[in-house]
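Below are the chains, spelled out letter by letter.
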Amino acid sequence: MLEAEPFIPTNSGSTSIRQIIGSDDRYTTASNSEEYRHTCYILSIYEDGSAVGGTGFLIGPNTVATSAHVICNGKFASTVKVYLESKNQTDSNKIANGVQMIVGSVDTNNIKNGWGLIELDKPLGNTAGYYGFSAAGSVGKDVILTGFHGDKDVMSTSKGKITDIQNNVLY
């Protein structure tokens with residue numbers, strides 16, 4: 001799965017794993033445009049009351065792909081809400097609940113850097129449509145990263161090329 005953020009090992013001396021590599025060229029995306037209407041905001045709430053927000057992508061009528069850390073912090077979130085187009089979505093036809101979740105990773109020692117799938121209680125993809133799913137990636141290939149980044153309140157997008165692949169992480 002393409003990661004929008006690099007993984008920096010704890011012994012690297014860095015104080016944060018969240019960083020922009022190169023210049024920050026993200027721009028606000030019209031979340032209800034045809035091109036991005038299959039991109040979702042996910043709100044995961046844990047039993048202790050903590051919450052995590054993140055990005056998901058409809059890849060089937062009632063299936064959302066996301067990063068594992070959005071739905072699992074060692075335990076699965078007790079409540080997962082999926083919102084089409086906006087964090088502030090109020091149209092109940094564009095909101096669904098996660099009813100089943102799974103996570104996986106090529107690095108079994110660090111599942112947070114893996115992928116997650118959410119099964120929804122209603123088929124949002126039947127009206128919004130959905131992306132396909134592919135694990136294709138090669139150096140020089142054009143990529144588009146779109147989502148609800150933690151430091152922005154709206155959906156944003158960045159475009160570029162894959163410059164390197166190391167240990168299944170694309171840069």
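Residues numbered from 1 in each chain as written. Predicted model: local features only at pLDDT ≥ 70, side-chain atom pairs only at ≥ 80, totals over all residues. Heavy atoms only, no water.

Student: I'm lost on the overall build of the protein chain in this one. Help?
Tutor: For the protein chain, the count of helices and strands is two helices and 11 strands. Put simply, the protein chain runs from its N terminus to its C terminus through helices and strands in the order β-β-β-β-α-β-β-β-α-β-β-β-β. With 171 residues in all, the protein chain has 33% of them scored as buried. Restricting to contacts in the protein chain with at least 6 residues of sequence separation, those with at least 24 account for 60%. A total accessible area of about 9900 Å² is found for the protein chain, and carbon and sulfur atoms account for 50% of it. (Helix = DSSP H or I, 4+ residues; strand = E, 2+ residues; numbered from the N terminus. Buried < 20%, exposed > 50% of the residue type's maximum accessible area, 1.4 Å probe, protein only. Contact = heavy atoms within 4.5 Å. Areas by Shrake-Rupley, 256 points an atom, 1.4 Å probe, with all protein chains shown as cover.)

Student: Just to check I follow, could you spell out the packing of aromatic side chains for this structure?
Tutor: Geometry of an aromatic ring pair is reported as the spacing of the ring centres plus the angle between the planes. Overall, the coordinates contain two aromatic pairs when judged by the stated rule. Between Tyr41 and Tyr83, the ring centres sit 6.3 Å apart and the planes meet at 40 degrees, which makes this aromatic pair tilted. Placement of the pair is Tyr41 in strand 2 (residues 39-45) and Tyr83 in strand 5 (residues 79-84), with a sequence separation of 42 residues. Assigned by exposure class, Tyr41 and Tyr83 land together as buried. Judged by centre distance (6.0 Å) and plane angle (70 degrees), the rings of Phe57 and Tyr131 are edge-to-face. Taken together, the residues span a long stretch of sequence, with Phe57 in strand 3 (residues 51-60) and Tyr131 in the loop between helix 2 (125-128) and strand 8 (142-147) at a distance of 74 residues. (Phe/Tyr/Trp six-rings, centres within 6.5 Å; stacked < 30°, edge-to-face > 60°.)

Student: What exactly am I supposed to notice about the pairing of strand 6 (residues 95-104) here?
Tutor: The side chains of a regular strand alternate between both faces of the sheet. With three bridges joining them, strand 5 and strand 6 adopt antiparallel strand pairing. Each residue of the ladder has a partner; that of Lys81, found in strand 6, is Asn97. Alignment of strand 6 against strand 7 (residues 115-120), held across six bridges, turns out to be antiparallel. Bridged to Gly104 within strand 7 is Trp115. (Pairing = 2+ DSSP bridges.)

Student: Got a minute to help me understand the environment of Asp164 in this structure?
Tutor: Within the secondary structure layout, Asp164 lies in the loop between strand 9 (156-161) and strand 10 (165-166). Considered as a pair, Asp164 and Val139 are 25 residues apart in the sequence and their alpha carbons are 5.7 Å apart.

Student: Help me out: how do you make sense of the environment of Ile59 in this one?
Tutor: Locating Ile59 in the fold gives a position in strand 3. Here Ile59 falls in the partly exposed class, since its relative accessible area comes to 22%.

Student: Can you walk me through the sheet that holds strand 5 in this structure?
Tutor: Across a sheet, paired strands are connected by hydrogen bonds in the backbone, their directions being either parallel or antiparallel. If you walk around this closed barrel you meet the six strands as 2-3-4-7-6-5, and the pairing is antiparallel. For this sheet the average axis-to-axis angle between neighbouring strands, irrespective of direction, equals 40 degrees. (Axes fitted to C-alpha atoms, helices over the stretch in contact; angles between N-to-C directions.)

Student: Where do I start with the confidence of the model for the protein chain in this structure?
Tutor: It should be kept in mind that the predicted coordinates are not to be read in detail where pLDDT is low. When the pLDDT values of the protein chain are averaged, the result is 78; 71% of them are 70 or greater. Per-element mean pLDDT across the protein chain ranges from 63 in strand 1 (residues 27-28) up to 94 in strand 5. In the model, residues 1-18 has pLDDT below 50 throughout and makes 25 contacts with residues more than four positions away in sequence or in other chains. (pLDDT = per-residue confidence, 0-100.)

Student: What should I look at first to understand the pairing of strand 5 in this one?
Tutor: Here strand 2 runs beside strand 5; their pairing, made up of six bridges, is antiparallel. When the sheet's bridge partners are listed, Leu43 is paired in strand 5 with Lys81.

Student: I tried to follow the nonpolar core on my own but got confused; where do I start?
Tutor: General note: in soluble globular proteins, nonpolar side chains tend to be found buried as a group. Judged by nonpolar contacts, the single largest core of 17 residues is most densely connected at Leu58, Val64, Val80, Val82, Ile118 and Leu120. Put simply, the parts of the chain that give this core at least two residues each are strand 2, helix 1 (68-71), strand 5, strand 6 and strand 7. A per-element tally of this core places strand 5 first, with three residues. Setting aside residues up to four positions removed in sequence, Val64 forms contacts with Cys40, Ile42, Gly56, Phe57, Leu58, Val82, Gly116, Leu117, Ile118 and Leu120. Counting six residues, the second largest nonpolar core, distinct from the first, contains Tyr36, Tyr41, Phe148 and Met155. (Core = buried A, V, L, I, M, F, W, Y, C linked by side-chain atoms within 4.5 Å.)

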